Amino acid sequence: MSEIRLAAETRTEFGKGAARRARRAGFVPGVVYGHGHAPVHLNLPGHDLMMALKTPNALLVVPIEGKDEYVLPKAVQREAIKRTIEHVDLLLVKRGEKVTVEVPVHTEGELAAGGNLLEHVLQALPVEAEATHLPEAVTVSVEGLEAGASVHAKDVVLPAGVSLAVDADAVVLQVIAAQAAPAEEAAEAEGAEA
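The structure reproduced in this document is the subject of the present report. (Residues numbered from 1 in each chain as written. Predicted model: local features only at pLDDT ≥ 70, side-chain atom pairs only at ≥ 80, totals over all residues. Heavy atoms only, no water.)

**Points about the environment of Pro 126**
The test is simple: Only DSSP runs of H or I with at least four residues qualify as helices, and only runs of E with at least two residues qualify as strands; both kinds are numbered from the N terminus onward. Exposed residues in this analysis have more than 50% of their type's maximum accessible area, buried residues have under 20%, and partly exposed residues fall in between, with area computed by a 1.4 Å probe over protein chains only. Contacts are assigned to residue pairs that have any heavy atoms within 4.5 Å of one another.
One can find Pro 126 in strand 10 (residues 124-130). You can call Pro 126 buried: its relative accessible area is 15%. Taking the C-alpha atoms as reference, Pro 126 lies 25 Å from Arg 5; in sequence the two are 121 residues apart. Apart from the residues within four sequence positions on either side, Pro 126 is in contact with Val 101, Glu 102, Leu 164, Ala 165 and Val 166.

Dropping the structure here:
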């Protein structure tokens, strides 16, 4: 995963009024914490941050006290209706440090014939990886799986240097048989009576 550089300014004003002024100017208030450092309050460019957060587990590089630092988004607060970013909490990470993140689970292939349905029990798989080498997603093949089949965390092929941060027997995906529609059941019952 590549790193995304964001220009950031240190915040000196705090409170609702200062946050509103920052948002009107196109910035998003944020705070960086971790590694025993005192929290650092920043204003981040709103559009650039929104684009960066479209990538799951984006590794961001922001200037803090004149030095570029790696950070991961930890919590993002969005406005309820417009879904604009209101505030972001960022976790300070170091090169080579292992972090636990949730990676989206993607599927490929077709289920066995018969109208089976695929249920994502886990939309994202918790994994541990080096902060500068986080996978964007994991892909699971569901080719030919029939009703009753399930894919466990231990069955997911992970990239090199990535390990599970969840019980190996946790169900990630399962295949369930499609339920008959009520109209179809009524038609079958009438056919059986005749």
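**With respect to the layout of surface pockets**
Gaps between atoms show up when a probe of the same size as a water molecule is rolled over them. How we decide: Only protein atoms enter the 1 Å grid, on which a cavity is a set of points fitting a 1.4 Å probe that cannot get out and a pocket is an open set with protein on both sides within 12 Å along at least 5 of 7 lines, lining residues being those with an atom within 4 Å of a point. Grid points are joined across faces, edges and corners, and a volume is the space filled by probe spheres set on the points. Throughout this entry, Asp, Glu, Lys and Arg are counted as charged residues, while Ala, Val, Leu, Ile, Met, Phe, Trp, Tyr, Cys and Pro are counted as nonpolar. The remaining residues, Gly among them, count as polar.
By volume, the largest pocket is sized at about 310 Å³. Around the largest pocket sit 15 residues that line it, and Asn 57, Leu 72, Pro 73, Lys 74 and Val 101 are the ones nearest its centre. Broken down by secondary-structure element, the contributors of at least two residues to the lining of the largest pocket are strand 6 (67-78) and strand 8 (98-108). Per element, the largest residue contribution to the lining of the largest pocket is 5 residues, and it comes from strand 6. Looking at side-chain class alone, the lining of the largest pocket contains 9 nonpolar, 3 polar and 3 charged residues.

**Structural notes on the sheet that holds strand 5 (residues 59-64)**
Stated formally: Being paired, for any two strands, means DSSP has found at least two bridges between them. Structural elements are reduced to axes, namely lines fitted to C-alpha atoms, with helices fitted over the stretch in contact, and the angle between N-to-C directions of any two is expressed from 0 to 180 degrees.
Strand order across the open sheet formed by 7 strands is 1-5-6-7-3-4-2, with mixed pairing between neighbours. Because the sheet does not close on itself, it has two edges, and the strands there are strand 1 (3-5) and strand 2 (9-10). Bridge analysis of strand 2 against strand 4 (residues 37-45) gives 2 bridges, and the strand direction is antiparallel. By the bridge assignment, Thr 10 is partnered in strand 4 with Leu 42. Together, strand 3 (27-34), strand 4 and strand 7 (85-93) form the strand contacts of helix 1 (residues 16-24), whose direction differs from that of strand 3 by roughly 120°.

**Focus: the environment of Leu 164**
Inspection of the secondary structure puts Leu 164 in strand 13 (residues 163-164). Once the C-alpha coordinates of Leu 164 and Leu 59 are considered, the two residues, 105 residues apart in sequence, prove to be 20 Å apart. Setting aside residues up to four positions removed in sequence, Leu 164 forms contacts with Leu 125, Pro 126, Val 127, Ala 153, Lys 154 and Leu 158.

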